Structures are given as structure tokens and as C-alpha cells.
Amino acid sequence: MTEYFSNPEMDGNGAFAGPVREWIELYPEPTSSVTRVVHERELEHAEIVELTADRAVVEVRARFSWRLIRGTWSREYSSRGPTELCKLDGTWRIVDYDADGQSRRASLVVGELAEQRRDGATVKVLGTDKNKIASGAVIELTNTGTEPVEVKSAFALVEDSTMWESMSIEPAGPVPGGESRRLRLSGRFAVPQTEAVFALALDARTPTRRLPFVITVPATPPEDLVPQPAPPRLPQFRRSWPRALVVYAAITAVGAWWYGWLAIFVPIYVGLHIYWQFRRGGRLPRHLDPVRYGVDAAVVALAFLALWETPAVEFAVPFLVAVAVFFALTPLRRGREAQAIAGVVAGLAWLFVLGTDTKALAPCRIADGAPSGTARAFAEAIVAGNGVRASSYALSDPPLELR
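Residues numbered from 1 in each chain as written. Predicted model: local features only at pLDDT ≥ 70, side-chain atom pairs only at ≥ 80, totals over all residues. Heavy atoms only, no water.

Engineer: Can you explain the packing of aromatic side chains? Please cite residues and give values.
Structural biologist: This model, assessed by the stated rule, comprises 6 aromatic pairs. Ring geometry for F64 versus Y77: centroids 4.9 Å apart, planes at 5 degrees, classification stacked. With F64 in strand β2 (residues 55-68) and Y77 in strand β3 (residues 74-88), this pair connects stretches of sequence that are 13 residues apart. There is no split in this pair, since F64 and Y77 are both buried. Ring geometry for F326 and F327: centres 5.2 Å apart, planes at 90 degrees, overall edge-to-face. (Phe/Tyr/Trp six-rings, centres within 6.5 Å; stacked < 30°, edge-to-face > 60°. Helix = DSSP H or I, 4+ residues; strand = E, 2+ residues; numbered from the N terminus. Buried < 20%, exposed > 50% of the residue type's maximum accessible area, 1.4 Å probe, protein only.)

Engineer: Can you lay out the nonpolar core for me, pointing to particular residues and giving the numbers?
Structural biologist: In this structure, V125, I139, L141, L185, L200, L202 and F213 are the most contacted members of the largest nonpolar core, which totals 29 residues. Sorting the residues of this core by element identifies β7 (108-118), β8 (121-129), β9 (135-143), β10 (150-158), β11 (165-170), β12 (180-187), β13 (198-205) and β14 (210-216) as the ones contributing at least two each. Among residues more than four places away in sequence, those in contact with V125 are G111, E112, L113, A114, V138, I139, L200, I215 and V217. In terms of nonpolar packing, the next biggest core, distinct from the first, is built from 19 residues, L26, A56, F64 and I94 among them. (Core = buried A, V, L, I, M, F, W, Y, C linked by side-chain atoms within 4.5 Å. Contact = heavy atoms within 4.5 Å.)

Engineer: Account for the pattern of salt bridges, naming residues and giving values.
Structural biologist: Summed over the entire model, instances satisfying the criterion amount to 16 salt bridges. The closest approach of N and O atoms between E76 and R63, which form a salt bridge, is 3.7 Å. On the criterion of sequence distance, the pair formed by E76 in strand β3 and R63 in strand β2 is long-range, its members being 13 residues apart. Overall, the relative accessible area of 51% leaves E76 in the exposed class. The partner of R210 in a salt bridge is D203, and the shortest N-O contact between them spans 2.9 Å. Classification of R210 by relative accessible area gives partly exposed; the value is 48%. (Salt bridge = Lys/Arg side-chain N within 4 Å of Asp/Glu carboxyl O.)

Engineer: Report on a nonpolar patch on the surface, specifying residues and quantitative values.
Structural biologist: Side chains of V254, W257, W258, Y259, L262 and F265 sit close together on the surface and give an oily, nonpolar patch of about 780 Å² of accessible area. For the nonpolar patch, the leading source of residues is helix α5 (residues 241-259), giving 4 residues. Residue F265 is classed as partly exposed on the basis of its relative accessible area, which comes to 31%. (Patch = residues over 30% accessible without salt bridge, like charges linked within 9 Å, V, L, I, M, F, W, Y side chains within 5 Å. Areas by Shrake-Rupley, 256 points an atom, 1.4 Å probe, with all protein chains shown as cover.)

Engineer: Which residues make up the side chain of S135, and what are the values?
Structural biologist: When you line up the elements, S135 lands in strand β9. Here S135 falls in the buried class, since its relative accessible area comes to 1%. Polar contacts involving the side chain of S135 include one to the main-chain carbonyl oxygen of N131, which spans 3.2 Å. When near neighbours in sequence (up to four residues on either side) are disregarded, S135 contacts D129, K130, M167, L185, S186, G187, F189, A190 and V191. (Polar contact = N/O pair within 3.5 Å; in protein donor to acceptor, adjacent residues only side chain to side chain.)

Engineer: Could you give an account of the environment of L329, with specific residues and numbers?
Structural biologist: You can see L329 is positioned in the loop between α8 (316-328) and α9 (336-355). Taking relative accessible area as the criterion, L329 reaches 26% and is therefore assigned partly exposed. For the pair L329 and G343, spaced 14 residues apart in sequence, the C-alpha separation works out to 9.0 Å.

Engineer: Which residues make up the sheet that holds strand β4 (residues 91-96), and what values go with them?
Structural biologist: Ordered by their spatial adjacency, 4 strands build an open sheet running β1-β2-β3-β4, and the pairing between neighbours is antiparallel. A strand with exactly one partner marks an edge of an open sheet, and here the two such strands are β1 (37-51) and β4. The mean angle between the axes of side-by-side strands here comes to 30 degrees, regardless of whether they run parallel or antiparallel. (Pairing = 2+ DSSP bridges. Axes fitted to C-alpha atoms, helices over the stretch in contact; angles between N-to-C directions.)

Engineer: I'd love a proper account of the sheet that holds β14, names of residues and values included.
Structural biologist: Spatially, the 8 strands line up as an open sheet ordered β7-β8-β9-β12-β11-β10-β13-β14, and their pairing is antiparallel. Taken across any chain shown, the strands that pair with only one partner, and hence form the sheet edges, are β7 and β14. Adjacent strand axes in the sheet meet at a mean angle of 25 degrees, parallel and antiparallel pairs treated alike. Relative to β12, β9 runs antiparallel, the two being bridged by 8 bridges. Bridged to S135 within β12 is G187. Along the sheet face, helix α3 (residues 19-26) touches β7, β8, β9 and β12 and points at about 40 degrees away from the line of β7.

Here is the structure:
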């Protein structure tokens, strides 16, 4: 037990018994994270509180963490509670342990839970993992046709959500005709162990057609596994980047209609978010790794120029303040959400305390320094190089070159 909680190289399969081991054995193959992620484990405390010939309970305090070899993504959880062990074939094995306040054994359901058939493919759900860290499922895809079948995308729906959340699929690739393969679906969302509704949607495809699956997954294996009817199409409310981009484009158009240049914040946010996902996930081209911080600075500079060169210029400096505060708080390890909130607050404070039309550091104060809304609008036109627009403002003393 102590080796498992302290040695990240130890095979977890050999350390467990019961449902936890059965779940691990469902994995189709070592996931891609084996070569992309560094695992760390630290055993802080272990104390035996109960011991018999074939059973033991140990109070454990341990920390588990993962981080990408390339990228900034990381995840951490702790074990703070009793770890139950049993002696099997003369070896002590872990039956259950605490994972961020939840019983690991209770979060797992292993067995044939649901099945759905279509012309050309059959999907069977073999187990689910509902926890506060990263939930998932293991399915078996059987190709009953002649064309190769591949699950292109997967989604999950839980009781308290109206959107189908995206899930990763491992291993990727098509299943040849007449063959079966187990796939592991994982999502970065929490599912309470008491969740009554859990469903999976799969976008399976052959070279010539789509095979949608929508499967309701019961909480426990049924006595009789009855195939569920196949749906005509996938659910509409699926969370994916193509759909999100359409929504953001619509928001930008509506915002531009009502608020003018303020709507530029939407595409800037989308661009920064997409870049950050690539950067965080280690998906930048390898030849950019040595200059990745320079790439970060270039992306921020482009966003700044997008504000500085438009009538939204008064938001350019507050944007830089927000970014500076965000990165300055990184060493404190308070979480990305806290950093983002602090950055937004700092940027807004700069804007409303120092940087609006009549404040001392407004970027659009011009000429004799007298602050006014007309001066601000005039400066916006000058920065944008629009002399005709600048001359159209009713200035009390317009410059000679614009008369």
C-alpha cells in the first residue's frame, strides 16, 4: 500500500482488488497520457487503525498530481481518510480509498449497463466512473458491418445540466469490420455518485454514413440487458467548439449592433481562449517550445493592438493591466479562476478610476489636455487614421489641417 501511494511507477492493477481492480482491467490499453504526463505521488501519513488476519484499515494522507510534459495543464487531488485493504493470495491489496472526500469504490460501477444496436455497429456500456475529479465510462464498440467504424466525438449528459458535455476518446482510430474494441471516454466534469440521470451520445461514422448513438446508462447493471432503440440523430445541445464559435459570432454581431466597438472583446476573448487551450494542452508546434514565452507575449501584443488601433482604445491599457496581474499572481498558486477574477478587477479598476474620459490617465486626452467626450472621440478617429471622421466632430477649436 505504501508503495502505491508513494511510487508513481507502480502498476495500479497489481495494488488493487474488487471493483477498483475490475475498473482498471476495463481500460482498453495504456492511455496517451502515459507518454505526455508526469505523475507524482506523495505519502504524508499512514496509520493502521484496524487489523485482522485478512482485513486492514489504514488512515492515509497522500497527494496525487499530474502535469503535462509539454504545456501548463496540471491536476491534483488528495486522499484524506481510511484506506481499506484485504489479503488476497498472501498479498495485501487496496479495496477502497478516499479520493477528494469520496469513496473510490462507490464511484465505480462495473458490468454490462446498457446496449444499443444500429445497422453496422453495436455499442455496449461496460462501466462508469462518477467522481469529483474526472468522470468517464468504458464502452465496447462492435463493428457488425464491412466498413470501418470510428467514434469521432462523445458527449455525456448529467441530471443538473442542460448541455451535453464533451468527452475525450481513447484509443482513437477506426474499428475494422467484424472486430470489437473497448474505448475509454473521459470528461473534465464532476458527476455526483447519487446522480439519477447519466447518458452518453456517440457520433460514430463510417466512410459513407453517420451512426448516432444516444444511450441512457442506469446506476446499476440490469438483470436483463435489453437493447435500447437507436435514435434518428444526435442531441442538439452538444458542447463543442464549432457550435461555440457560431454562438460567439452571433453574440459579436448583436453586440456590434447595440454597443459598437465594445463587441470587439468577444472575438479577442475567443482568440485568447483558443490559444490558451493549445498552450495549456501542450499542442503548440514543438519548434516553438524554446520561444513559447515570446509567443505568449506576441499574442498579448496582438490583442492589445486590436484594441489600440480601434475606437475601443480606452480599453487597451486596462487590458494590459489585467494580463499583468493575472501572470503576476501565478507563483501564488491560487488557481486560474482566482487569477482571472483578480485580473479583471484590476483592469476595471484602472479603467474606471484612472482611464475613462475625464480621468488623469485616459489614453484619449489630447491637445491642451482638457478632458472631454468630444476629445476622446476625436482621438479615436486620429488613432484610426480617419481624418474625415475626425473633422465631423463639432470641436470648439478644430485643428487647422482638418478645417
